[in-house]
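Here are the chains, one letter per residue:
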Amino acid sequence: MELRQLQYFDAVAGTCHFGRAAERLHLAQPALSQSIRRLESELGVALFTRTTRQVCLTAAGESFHSDVRRLLADLDRSVERARNISEGSQGLLRIGFTGTSAYSQLPLVARMVRAALPEVTLDVHADMLTPRQLQALLDGRLDLGVLRGPVSEPNILTRSIAQERLLLALPHDHRLVPEPALGMADLRAEPFITYSAEMSTVNEAVLASCRRADFAPRVAHRAPGTAALLALVSAGLGIALVPDSARAIQPRGVVIRELPDTASVDLSLAVRADDPSPLLARALDALESLRAEAHPRVKEDA
């Protein structure tokens, strides 16, 4: 049984007229009649009753036609879906977000992708630190990352989308809270709470900010993420420097202050350099307006 036979049968069943069906199919009527007879022979059942005046489906033909129409419709949808996926307008896009970037960037990224590609399904992985995202991108478990740069992996392309200034997080009853103006030098004697992840970009920016003020931070505690870090600050166990997007999860008992002399941390879109996905290419086009710099690049300096 061939697909063409089923299409011929559907045309005849839909019109109950061999002549009109043949015209629709751009086929000679004798050839169409022969094809239907071969189909009936293969099935071992009569699909039509034929007289000199009319053609009608048999009970078996009606049942078979119902199944054939469903099969052909499913096939059409499968073909359309395959074409859409090939063109990048349909499929699954797996996106990772590091730390607090989920609060500042996830709503924006999701809305922009869905507006441009409404048939695309988003698989979001929030609170995924940069090292895990890089490995997932290289392993093919993520298509797109929103992470902290710079990135030294040569097989990863990044595009800077934001620069976040580090902010000071203080316990609400800390002695520095009433001070009208603060700078990094005022934190010289304070116990710091930092991130526990190795190669943390935020930690590097904290160290850079302290070095500019000519001191090394005294690390009292380390936290696995921003929520835990701010909880330790709220408990009065130290102070911390956090990205601006941490404002979104500022807990009770924590005061956030801006400082004039802190470093900034980069937030970038990241993809595997050799990823051929047309869907990813279209998603990046949709996110073009997020670019913070003129051109995408591979970042080579950690």
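Use the structure listed above.
A look at the side chain of Ser 209
At step 1: For Ser 209, the position within the fold is in helix H8 (residues 201–212).
At step 2: When its relative accessible area of 0% is taken as the criterion, Ser 209 is described as buried.
At step 3: Once residues lying within four places of it in the same chain are set aside, the contact partners of Ser 209 are Leu 166, Met 184, Leu 241, Thr 262 and Ala 263.

Thoughts on the pairing of strand S7 (residues 191–195)
At step 1: Here S7 lies mainly inside the structure; 4 of its 5 residues are buried.
At step 2: As judged from the 5 bridges shared by S7 and strand S8 (residues 218–223), these two strands associate in the parallel manner. Across the sheet, the residue bridging to Ile 193 is His 221, located in S8.
At step 3: Of the crossover connections in this fold, the one passing from S7 over H8 to the parallel S8 is right-handed.

Points about unusual backbone geometry
At step 1: The linkage connecting Gly 149 with the following residue, Pro 150, adopts the cis geometry, with an omega of 5°.
At step 2: By the element assignment, Pro 150 lies in the loop between strand S5 (144–149) and strand S6 (156–171).
At step 3: In this structure, Cys 16 takes a positive phi of about 50° despite not being glycine.
At step 4: Along the polypeptide, Cys 16 turns up in the loop between helix H1 (3–15) and helix H2 (18–25).
At step 5: Positive phi values are uncommon outside glycine, yet Asp 127 reaches one of about 55°.

Considering the pattern of salt bridges
At step 1: This model, assessed by the stated rule, comprises 12 salt bridges.
At step 2: Put simply, Arg 272 and Asp 274 hold a salt bridge, and the shortest N to O gap is 2.7 Å.
At step 3: We note a salt bridge from Asp 275 to Arg 272, for which the minimum N-O separation is 3.9 Å.
At step 4: Among the ionic contacts, a cluster of salt bridges with common partners joins Asp 244, Arg 247 and Glu 258.

Here we look at the side chain of Ser 160
At step 1: Along the chain, Ser 160 turns up in strand S6.
At step 2: Judged by its relative accessible area of 1%, Ser 160 falls in the buried class.
At step 3: A polar contact of 2.5 Å, which involves the side chain of Ser 160, links it to the side chain of Asp 266.

Conventions adopted
- Residues numbered from 1 in each chain as written.
- Predicted model: local features only at pLDDT ≥ 70, side-chain atom pairs only at ≥ 80, totals over all residues.
- Heavy atoms only, no water.
- Helix = DSSP H or I, 4+ residues; strand = E, 2+ residues; numbered from the N terminus.
- Buried < 20%, exposed > 50% of the residue type's maximum accessible area, 1.4 Å probe, protein only.
- Contact = heavy atoms within 4.5 Å.
- Pairing = 2+ DSSP bridges.
- Right-handed = clockwise from strand over helix to strand, strands pointing away.
- Salt bridge = Lys/Arg side-chain N within 4 Å of Asp/Glu carboxyl O.
- Polar contact = N/O pair within 3.5 Å; in protein donor to acceptor, adjacent residues only side chain to side chain.

Don't take any of this as a statement about function, it's just geometry.
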